[in-house]
Amino acid sequence: MISEIPPEFIVKIDYEQCKRCKRCVMNCSFGCMQFKDRVIPDHKKCVACQRCVTFCPESAITITKNELSYKENANWTPEIRQNILKQAETGGMILSGMGNPRAYQILWDHLLIDACQVTNPSIDPLREPMELRTFIGRKPERLEFSADENSEIELATELGPQIKLDIPVVFAAMSYGAISFNAHKALVMAAKQSGTLMNTGEGGLHKDLYSYADNIIVQVASGRFGVHSEYLNTCVMVEIKIGQGAKPGIGGHLPGEKVGEEISKTRMIPVGTDAISPAPHHDIYSIEDLSQLIYAIKETTDYTKPVSVKISAVHNVAAIASGIVRAGADIVTIDGFRGGTGAAPMVIRDNVGIPIEVALAAVDQRLRDEGIRNNASILCAGGIRTSADMAKAIALGADAVVIGTAALVAMGCRVCQKCYTGNCAWGIATQKPELVRRLDPLVASERLSNLLRAWDLELKEILGSLGVNSIESLRGSRERLRGIGLDEMTLKILGVKPAGVGQ
Amino acid sequence: MKDNCYIPSGCSISGMINESGRRFDGSSVIKSIALMHDRGNGLGGGFAAYGVYPRHAEQFAFHMMFDHIEAKEACEEYFKDRFDIVLDEEMPTRAGGAFEEETSGRYGEYGGHPITNPPILWRYFMDVPKSKTSFVSENEYIVKNVMEVNSRIDGAFVASSGKNMGAFKGVGYPEDIGVFYKLDEYKAYIWTAHGRFPTNTPGWWGGAHPFCLLDWSIVHNGEISSYGINKRYLEPHGYKLELRTDTEVIAYLFDLLVRKHNLPMEMAIKALASPFWKDIDRMPEREQRIATAIRQVYGGALLNGPFSVILGHSRGMIGFNDRIKLRPMTCARADDMLYMASEEAAIREIAPDLDRVWSPKAGTPVIGKLSEEVI
């Protein structure tokens, strides 16, 4: 059947500039470019991944939106009509990749940061120490000291495992399978270089990366792919994934064609079989079941690794987080509705969950109200785009933030949202060897480290302007934020005063 | 007035302790703070004094400020049900009192700025009835009631609530406040003083320093840029931060860390003015372990921003600075006296012959301890 859906993009080729080198034909992984004495684009296949545009030596290619593919209508947007047409043609659920792209209010952009003037001096981060060191893990509420025989003061309290981060950002869980080996390798190399962590996601850890154990969070999700005791001990922290911001309440599916030899070994499943992660963990139907899994992991790792529980931001997130902390988790990772994914039903991705900003604020306040905020660190994921978002998240109460999409973009991702097709032209979200090869782990890891270094500098600049020289003094300090254009209730939930109100 | 008067402060501080416990009158501390007249702007001054009530040393001395007589009545009604009031009396004052002496920095003929419009100032010496302390300690009971009075009784404010000590503070220059409260007639083994330069102007007596809770008193020059998180860290522990001034968090943090969590004083100071990681990384193993644990567990208590602080308590006096010393502090010793002040001149003014004068390093506390009983 020939699709009636009009093309989303128009690929324009300037034939006067074009030298017919066919580089675009070789680079397009979506089969859009044909060569018949000259390059002929099939507009319908273009996903605007920008690969051909970037690599055309003559800059002869332009991709534009197909503006008049649908007659203008504020209610029946092109996207809605296109999806109806797709469903009418196929009768299927619409899949998509990356995070929720809809124009919901982005609360980060309605928060402004304070700065010092006169009475408290700002601090120059180039001249004075500026400390970002962050420790993730359960802390006791108080310390106890004793005096030894020489009346030297000695620490009597023993702290559980604490993970040191040089910058309060870790890489998000993205599985080997969803992304390529080279992407995984780039992430872990950058994590090591920058003194932070990467997260395996639910797909196990390739043996070649075991030497990076000190910079790895291993994930245990509902499919338990690649989970064995050596895996659980090849990390500094274990994460139990309950939910994901992009698809709360939904499982995952890695199609069999992506399961080649290496993924098969890493995930411990036969080559070519689908890897289905169920929606719930089939051994977790209540909070006490979760607690059992937490302690099963702690036993396996001899209580040397903190255990994180990752949940998506849903309506009742604060109470759920409180339960998780009481169930024994050392870290709660909250993933907001902007969080990314390799594949999710579009209806879920675009309509389920709540913004991370309010979820984070509610969780931090709830844990404080219950006097258990010290018992767990909070990692804030799903929608952190810039160092400013990071600073605001920390001021709302996060111990550290988690970046997925931002990391992918740093590696070359153009956010074309076609991760689920396996055709990623940039070698990131694909398992095809000829595409994977396009991503050089060394180059990609350097780009990731550069991004973190830039954010490190920017965060220090923000701290300096706030007149504080340590990240602890920003963490949870909502007094240093003001809201602009937010309603009273939202301000109340965020615990932030409107701009114009002094202290 | 309490509701919206946040006060970033500039200020001068001065403190002195006789470590042998000898008590001396308030005229020298007045003279010391008077020398730093220009560091304040007349919108607040005050003193904390330890050892001033030897005859009522066993009772909690509540120094109260009331905006109006209804507040006093409501507060007394409140006290009546909760305490045994041993004695209550008006605070002795010199109406229109002003400091008119000469110092090295000013001449007598300049005249003082007489103190006007004081609130109703009253003090209560009270015991906590045994029946009230079945489930909480005496101190805990006092803290809870101080919080209640400050937050619930309109127009009533607890200036201090410790034993054998008191806060004497108000709106005006500190030297005039000192004369107004007749501090030359009190004897104490620790005196601390504060002259204030708020950058906005609520003429509120309760907003002056020192801030006191139980026998803690704080005088503070600077601003706490980490106030937002310090406040949120304290709130779940039952502290109500109603005074809208950054200084009160210091008093409550000491109360939490030293009294409730039982941290040794030097550990509490390590939490409030932590060493930098670059220094911690070079410490010997034991110290490193302690310093790291303190920063991990007490991050919410870290004070950031410019400050020099003198903390008074019944057994001593401690001065310390922020981590990069953005506010001045000089210390000096002469025999059994330890002095601390924003300026060396303020010490030389009252004690020209000093054994040793030094400026403590950033974040390093100077500790004065009462070595003997109070004489």
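Residues numbered from 1 in each chain as written. Chains lettered and ligands numbered in written order. Predicted model: local features only at pLDDT ≥ 70, side-chain atom pairs only at ≥ 80, totals over all residues. Heavy atoms only, no water.

J.: What am I meant to see in the UniProt feature "binding site: [4Fe-4S] cluster 2" (unreviewed entry) in chain A here?
T.: All names here are of chain A. Look at the UniProt record and you will see "binding site: [4Fe-4S] cluster 2" (unreviewed entry) annotated at Cys28, Cys46, Cys49 and Cys52. Their sequence span is 25 residues, while the largest C-alpha to C-alpha distance among them is just 10.3 Å; these annotated residues converge on one region. As for its placement among the helices and strands, Cys49 is situated in the loop between β3 (38-41) and α2 (51-55). Once you skip the residues sitting within four places of it in the chain, Cys49 turns out to touch Arg414, Cys416, Ala425 and Trp426. Secondary-structure assignment places Cys52 in helix α2. The exposure class assigned to Cys52 is buried, which follows from its relative accessible area of 10%. (UniProt positions renumbered as here; feature names shortened; annotations may be inferred. Helix = DSSP H or I, 4+ residues; strand = E, 2+ residues; numbered from the N terminus. Contact = heavy atoms within 4.5 Å. Buried < 20%, exposed > 50% of the residue type's maximum accessible area, 1.4 Å probe, protein only.)

J.: Would you explain the interface of chain B and chain A in this entry?
T.: Frequently, the measure chosen for interface size is the accessible area that the parts lose on association. The interface of chain B with chain A comprises 44 residues on the first partner and 41 residues on the second. Between chain B and chain A, the buried area comes to about 3,800 Å², and carbon and sulfur atoms account for 54% of it. Here chain B is connected to chain A by seven salt bridges. B:Arg286 is paired through a salt bridge with A:Glu152; the nearest N and O atoms lie 2.7 Å apart. Run the count over chain B and chain A and you get 23 residue pairs in polar contact (both at pLDDT 80 or more). Residue assignment for the side of chain B that touches chain A shows that the elements contributing at least two residues are α5 (227-234), α7 (265-272), α8 (277-280) and α9 (285-297) of chain B. (Buried area = accessible area lost by both parts, 1.4 Å probe. Salt bridge = Lys/Arg side-chain N within 4 Å of Asp/Glu carboxyl O. Polar contact = N/O pair within 3.5 Å; in protein donor to acceptor, adjacent residues only side chain to side chain.)

J.: Would you take a moment to explain the sheet that holds strand β22 (residues 481-483) of chain A for this structure?
T.: One key point about sheets: their strands pair by backbone hydrogen bonds, in either a parallel or an antiparallel sense. Residues and elements named next belong to chain A. Spatially, three strands are ordered β6-β22-β23 in an open sheet, and the strand pairing comes out mixed. Both outer strands of the open sheet, β6 (111-113) and β23 (497-498), are each paired with one neighbouring strand and no more. In the sheet, β6 pairs with β22 via three bridges, with the strands oriented antiparallel. Residue pairing in the sheet places Leu111 in a bridge with Gly483 of β22. The strands that helix α11 (residues 387-396) touches are β6 and β22; relative to β6, the one it contacts most, it runs at about 90°. (Pairing = 2+ DSSP bridges. Axes fitted to C-alpha atoms, helices over the stretch in contact; angles between N-to-C directions.)

J.: For this particular structure, what's the right way to read the domain arrangement of chain A?
T.: All names here are of chain A. Annotation of chain A at the domain level lists domain 1 (9-92) and domain 2 (163-498). On a C-alpha basis, the centres of domain 1 and domain 2 stand 33 Å from each other. Taken together, the contact between domain 1 and domain 2 spans 13 residues of the former and twelve residues of the latter. Approximately 1,000 Å² of surface area, both sides summed, lies buried where domain 1 meets domain 2, with 58% of it carried by carbon and sulfur atoms. Counting the surface domain 1 buries against domain 2, the share from its top three residues, Ser29, Phe30 and Arg51, is 47%. Counting the contacts that link domain 1 with domain 2 gives zero salt bridges. (Domains from an automatic or database assignment.)

J.: Hey, could you run me through the UniProt feature "binding site: [4Fe-4S] cluster 1" (unreviewed entry) in chain A in this one?
T.: All names here are of chain A. Under the local residue numbering, the UniProt record ascribes the feature "binding site: [4Fe-4S] cluster 1" (unreviewed entry) to Cys18, Cys21, Cys24 and Cys56. On the basis of their most widely separated C-alpha atoms, the annotated residues across 39 residues gather in one place, lying no more than 10.4 Å apart. Sequence-distant contacts of Cys18, that is, excluding residues within four places in its chain, are made with Ile13 and Ala60. The class for Cys56 is buried, based on a relative accessible area of 16%.

J.: I tried to follow the packing of helix α10 (residues 356-369) of chain A against α5(B) on my own but got confused; where do I start?
T.: A pair of packed helices can be characterised by two numbers: the angle between their axes and the separation between those axes. Running from amino to carboxyl end, α10(A) crosses α5(B) at an angle of 45°, the nearest separation of the two axes being 9 Å. With respect to α5(B), the element α10(A) is oriented oblique. Contacts between α10(A) and α5(B) involve A:Asp364, A:Gln365 and A:Arg368 from the former and B:Ile229, B:Arg232 and B:Tyr233 from the latter. By residue class, the composition of the contact of α10(A) with α5(B) is two nonpolar, one polar and three charged. (Parallel < 35°, antiparallel > 145°, perpendicular 65-115°, else oblique. Nonpolar A, V, L, I, M, F, W, Y, C, P; charged D, E, K, R; others polar.)

J.: What's the story with the nonpolar core in this structure? I'm lost.
T.: Proteins that are soluble and globular tend to have nonpolar side chains buried together. Core analysis: the largest hydrophobic core is formed by 129 residues, its most contacted members being B:Phe62, B:Met64, B:Phe79, B:Tyr181, B:Phe254 and B:Tyr298. Looking at this core element by element, the count peaks at nine residues for helix α6 (residues 247-260) of chain B. If you look at the next biggest cluster of nonpolar residues, it comprises 114 residues, including A:Leu290, A:Ile297, A:Ile311 and B:Ile324. (Core = buried A, V, L, I, M, F, W, Y, C linked by side-chain atoms within 4.5 Å.)

J.: Could you clarify how one ought to interpret the side chain of B:Asp322 in this entry?
T.: Residue and element names in this part refer to chain B. Looking at where Asp322 falls in the secondary structure, it is placed in the loop between β14 (316-321) and β15 (330-334). The buried charged residue Asp322 lacks any salt bridge partner; its closest oppositely charged side chain belongs to Arg327, at an N-O distance of 6.7 Å. Polar side-chain contacts of Asp322 include one of 2.8 Å to the backbone nitrogen of Lys325. (Lys, Arg positive; Asp, Glu negative; His and termini not counted.)

J.: Can you walk me through the layout of surface pockets in this structure?
T.: To locate leftover empty space, one rolls a probe as large as a water molecule over the atoms. All names here are of chain A. Taken as a whole, the second largest pocket holds about 790 Å³ of empty space. Considering the residues around the second largest pocket, the lining is formed by 32 residues, among which Glu8, Phe9, Lys65, Glu79 and Gln82 are closest to the centre. The set of elements that each furnish at least two residues to the lining of the second largest pocket consists of α3 (78-90), β5 (95-96) and α9 (346-351). Within the lining of the second largest pocket, the residues separate by chemical class into 15 nonpolar, seven polar and ten charged. Per-domain counts for the lining of the second largest pocket show at least three residues from each of domain 1 (9-92) and domain 2 (163-498). (1 Å grid on protein atoms, 1.4 Å probe; cavity = no way out; pocket = protein on both sides within 12 Å on 5 of 7 lines; lining within 4 Å. Points joined across faces, edges and corners; volume = space filled by probe spheres on them.)

J.: What am I meant to see in the UniProt feature "active site" (unreviewed entry) in chain B here?
T.: Residue and element names in this part refer to chain B. In the numbering adopted here, UniProt assigns the feature "active site" (unreviewed entry) to Cys11. With respect to the element layout, Cys11 can be found in the segment before β1 (12-18). What makes Cys11 buried here is its relative accessible area of 2%.

J.: Mind showing me how you'd approach the sheet that holds β1(B) here?
T.: Residues and elements named next belong to chain B. Strand order in this open sheet of seven strands is β8-β3-β10-β1-β16-β15-β17, and the pairing throughout is antiparallel. The sheet is open, and its two edges are formed by β8 (165-170) and β17 (356-358), each paired on a single side. Geometrically, the sheet is characterised by an average inter-axis angle of 10° between neighbouring strands, direction not taken into account. Its contacts with the sheet put helix α1 (residues 27-35) on β1, β3 (45-50) and β10 (190-195), and the angle it makes with β1 is roughly 155°.

J.: Honestly, the pattern of salt bridges in this entry has me stumped. Any pointers?
T.: Opposite charge on two side chains makes pairing possible when the charged atoms of those side chains draw close. Inspection of every chain in the model, using the stated rule, returns 48 salt bridges over all chains. A salt bridge links A:Asp350 to A:Arg349; its shortest N-O distance comes to 2.8 Å. Of the residues examined, A:Arg349 reaches a relative accessible area of 1% and is grouped as buried. With a closest N to O distance of 3.6 Å, B:Asp279 and B:Lys278 form a salt bridge. Judged by relative accessible area, B:Lys278 falls into the partly exposed class, the value being 43%. Through salt bridges with shared partners, a single ionic network connects A:Asp364, A:Arg368, A:Arg373, A:Asp399, A:Arg475, A:Arg478 and B:Arg232.

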